[in-house]
Amino acid sequence: MDAGSFKLNFWANGPKPGELYSFPGATGSTIPGCGPVRHTLNPMVTGTSVLGVKFDGGILLAADMLGSYGSLARFRNISRVMKVNDCTVLGASGDYADYQYLKQVIEQMVIDEELLGDGHNYSPKAIYSWLTRVMYNRRSKMNPLWNTVVIGGVYNGESFLGYVDKLGVAYEAPTIATGFGAYLAQPLMREVLEKKATLSKDEAYELLERCMKVLYYRDARSYNRYEIAIVTESGVQIEGPLTSETNWDIAHLVRSGFQ
Amino acid sequence: PRLASWPFFRNQYDSDVTVWSPQGRIHQIEYAMEAVKQGSATVGVKSKTHVVLVALKRAQSKLTAHQKKVLQVDDHIGISIAGLTADAQLLCHFMRQECLESKFVFSTPLPISRLVGMVGSKLQVPTQRYGRRPYGVGLLVAGYDEQGPHLFQTCPSGNFYKCKAMAIGARSQSARTYLERIRDQLPDCDLNELVRHGLCALQETVHPKKQEHSTENVSVAITGKDMDFTIYDNDAVAPFLQGLQKEPKKQEKPAGSSATSQASEEPMEQ
């Protein structure tokens, strides 16, 4: 099974012109020891939290625009949110290069599907399921894509919000937060939803803005420049770059000296 | 026997599927399509909401059971076959695998048009490879997906066709003639009428003196909106057959009146 599962491989592994062709299955030759050896990696350039929240008629996804190189705020204008198709968006935290690889694969999948031109397109759930399988298979080969991904969208009038991580753990929920967001923002989001199970778009937007502000204050690997993706029945919109209003007046009170 | 029934002398160009005849034909493929015509008849009909497959099951001898003609591929897709049963089993297995993969990877039931496309591509391979032979089976693929009900026909040539209604197998031309006549009524048929049209078409393929429809030799299968692919065999077919009344063969009536008499006169108990 391939990433683009509707590709047909009937002519793959065929004879090359001028080459001596041995029929498949003749000798069970597996090249021993040669070829790249893989082990679990360390992430290099990383993205921090991604937040997601459902509202009445759609979903919102937010992620800042920073690629950290350890503690260095290295790339300060990168997008960690992508539009998959008119009903799905995807946000990623973790290794940025792995996200870029995923982005390329997914974009090609979407193109391949457009080429089929048969009126069917990937639902958010389909992308979520597919990604879960990919991530789990990679982890099982001890060569993970070092990301935590949030997938959101609207399909047949229903909102979808899902989480997939590098272990292949996957779940759906009305609010999702990865990385530091799980500790700092998730309680804030859940508190709002506990009071009111269905939010309006504006309420959800305010909630995310508040959470992004808190994350900028408290997450040492965050940045005050973020994007918000909005998905509704009418389509996908990615707003940004946005900035939180911050007030550092109390900074001088901190003993270790934030001026 | 070959020369006696064919108008052309073509023995020279029909031994391999990789050989073209001077007339631009590949005889092996055409011979494979003949195998489909040797199989017992099966009919498919489609309305706006449902698809129905009906098939005449043949028994090889009085001792054997009637050969299964309708196979389930997934919750929402099924096929009926005409031709080499073994080839059909292989294709059915392939189709089931593809459907399972779609459900497992994408949590999405495979759209029928895509499945049929894959089958078509698979059918084409042995028509262009030395040492292989075309699959000797034609399928009627019936299913329901997000875009509604679908009916497709596949051929040993690798071609596949989207159909409003179709009949394949022995003496299926009579059934197709019937279907052409009632073609425009089909979209708005309710389920009972749809099955009835299918069975009437099937009846056209049966020699009135030699064989009759019975619960033993007819298979009915239905799928559609809010209805998983369901196969009716043996006793379960009885209610469908009861609604069918015996009437003189359509060929004896003038073409104009038969369409109207079909619609108004027959009661259908379900």
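Just above sits the structure.
All of the points below concern the structure found in this document. Here the structure is a predicted model, which is why all the values come from computation and not from measurement.

What counts, and at which threshold
- Residues numbered from 1 in each chain as written.
- Chains lettered and ligands numbered in written order.
- Predicted model: local features only at pLDDT ≥ 70, side-chain atom pairs only at ≥ 80, totals over all residues.
- Heavy atoms only, no water.
- Helix = DSSP H or I, 4+ residues; strand = E, 2+ residues; numbered from the N terminus.
- Buried < 20%, exposed > 50% of the residue type's maximum accessible area, 1.4 Å probe, protein only.
- Contact = heavy atoms within 4.5 Å.
- Areas by Shrake-Rupley, 256 points an atom, 1.4 Å probe, with all protein chains shown as cover.
- Buried area = accessible area lost by both parts, 1.4 Å probe.
- Salt bridge = Lys/Arg side-chain N within 4 Å of Asp/Glu carboxyl O.
- Pairing = 2+ DSSP bridges.
- Axes fitted to C-alpha atoms, helices over the stretch in contact; angles between N-to-C directions.
- Disulfide = S-S within 2.5 Å.
- Patch = residues over 30% accessible without salt bridge, like charges linked within 9 Å, V, L, I, M, F, W, Y side chains within 5 Å.
- Polar contact = N/O pair within 3.5 Å; in protein donor to acceptor, adjacent residues only side chain to side chain.

1. As for the overall build of chain A
Thinking step 1. A tally of helices and strands in chain A yields five helices and 13 strands.
Thinking step 2. Here chain A, with 259 residues, has 43% of them falling under the buried criterion.
Thinking step 3. Restricting the contact set of chain A to residue pairs at least 6 apart, pairs at least 24 apart contribute 62%.
Thinking step 4. When the accessible surface of chain A is totalled, it reaches about 14600 Å², and 52% of it is carbon and sulfur.

2. A look at the interface of chain B and chain A
Thinking step 1. If you look at the interface, chain B gives 19 residues, while chain A gives 21 residues.
Thinking step 2. In total, about 1800 Å² of surface goes out of reach between chain B and chain A, with carbon and sulfur atoms giving 60% of it.
Thinking step 3. Considering only the surface of chain B that becomes buried against chain A, Val105, Phe106 and Arg114 of chain B emerge as the three largest contributors, covering 38% of it.
Thinking step 4. Joining chain B to chain A, the criterion identifies two salt bridges.

3. What about the sheet that holds strand E5 (residues 137-145) of chain B?
All names here are of chain B.
Thinking step 1. An order of E3-E4-E5-E6-E7 is seen for the five strands of this open sheet, with the pairing classed as antiparallel. The open sheet has two edge strands with one neighbour each: strand E3 (70-74) and strand E7 (160-162). Strand-to-strand twist of the sheet, defined as the mean angle between neighbouring strand axes without regard to direction, takes the value 25°.
Thinking step 2. Pairing between strand E4 (residues 77-83) and E5: seven bridges, direction antiparallel. Among the inter-strand pairings, Gly83 is bridged to a residue of E5, identified as Val137.

4. Some remarks on the state of the cysteines
Thinking step 1. Taken as a whole and judged by the stated rule, the model has zero disulfides over all chains.
Thinking step 2. Left without a disulfide partner, Cys155 of chain B is nearest to the cysteine sulfur of Cys163 of chain B, which lies 9.1 Å away.

5. Observations regarding a nonpolar patch on the surface
Residues and elements named next belong to chain A.
Thinking step 1. Residues Met44, Tyr69 and Leu72 make up a contiguous nonpolar surface patch of about 320 Å² in total accessible area.
Thinking step 2. Tracing the backbone through its elements, the reader meets Leu72 in strand E5 (residues 72-75).
Thinking step 3. Classification of Leu72 as partly exposed rests on a relative accessible area of 46%.

6. Topic: the side chain of Thr205 of chain B
All names here are of chain B.
Thinking step 1. Within the secondary structure layout, Thr205 lies in the loop between helix H6 (191-204) and strand E9 (218-224).
Thinking step 2. Among the polar contacts listed, one links the side chain of Thr205 to the backbone oxygen of Leu202, at a separation of 2.7 Å.
Thinking step 3. Residues within four places of Thr205 in sequence aside, it is in contact with Ala41, Leu56, Ala170, Arg171, Ser172 and Ala175.

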